[in-house]
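Architecture at a glance
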Amino acid sequence: MLTERVSTFVWTLGSAMYNCKKCPGYCCSYPLIALNKRDVERLAKHFRLTFRQAKAKFTVERWGAKYSMRRKKDHIFGGVCRFFDTEKRCCTVYEARPSLCRSFPGGRCGYYDFLAFERRAQEDPEFIATTNNK
Ligand code: SF4
Ligand code: SF4
């Protein structure tokens, strides 16, 4: 998930496979971003809150996940993680982001493939390919 959105580059044989700097942050708009207990503890420490306070403030039970990230409205995707800066399009808690965000997307980003394809097709390097994740 939005690894720093500032520094994520994956290179294969010299070619970039995705570049979070050029992306509006689709992965932070997933309706379910599941945290584990350690993730909540990390956020609590970051904001100098108790575990219970952080759990209540930042998470909600959703679709079987005990700690799912709370969300807010976003003008591009409809909804997005509460920690996402919707103007700068980046994570505001990079140092304290959950483990899922640290490991995402792994080797390749499907959304970035889609975005890059649409930008080429539309001949518009700024084009934003959208889905609505309200
Ligand atoms: S959707 Fe892909 S390219 Fe966009 S910020 Fe997330 S990992 Fe990076
Ligand atoms: S914590 Fe940061 S990287 Fe993770 S979903 Fe939220 S804004 Fe994105």
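Structure shown above.
Quick notes on the rules
- Residues numbered from 1 in each chain as written.
- Chains lettered and ligands numbered in written order.
- Predicted model: local features only at pLDDT ≥ 70, side-chain atom pairs only at ≥ 80, totals over all residues.
- Helix = DSSP H or I, 4+ residues; strand = E, 2+ residues; numbered from the N terminus.
- Buried ≥ 20, exposed ≤ 12 C-beta atoms within 10 Å, placed from the backbone.
- Contact = placed C-beta atoms within 7 Å.
- Pairing = 2+ DSSP bridges.

**Focus on unusual backbone geometry**
A cis amide bond links F104 to the next residue, P105, at an omega of 0°. Looking at where P105 falls in the secondary structure, it is placed in the loop between α3 (99–103) and α4 (110–122). At R48, a position not held by glycine, the phi torsion is positive, near 55°. Tracing the sequence through the fold places R48 in the loop between α1 (37–47) and α2 (51–58). The phi dihedral of R89 falls on the positive side, at around 60°, and the residue is not glycine. Note that R89 resides in the loop between β8 (84–85) and β9 (90–91).

**Details of the environment of S99**
Mapped onto the fold, S99 is located in helix α3. With 14 C-beta atoms counted inside 10 Å, the residue S99 sits in the partly exposed group. Placed 64 residues apart in sequence, S99 and L35 show a C-alpha to C-alpha distance of 7.4 Å. For S99, the contacting residues outside a window of four places in its chain are N36 and D39.

**Brief notes about the pairing of strand β5 (residues 65–69)**
Across two bridges, the pairing between strand β3 (residues 34–35) and β5 is antiparallel. Directly across from L35, in β5, lies its bridge partner Y67. Two strands pair when backbone bridges link them, and strand β4 (residues 59–62) and β5 are joined in this way by three bridges, in the antiparallel orientation. Opposite T59, over in β5, you have M69 as the bridge partner. A loop of two residues connects β4 with β5, the two strands running antiparallel in sequence, and W63 in this loop sits at a positive phi of about 50°.

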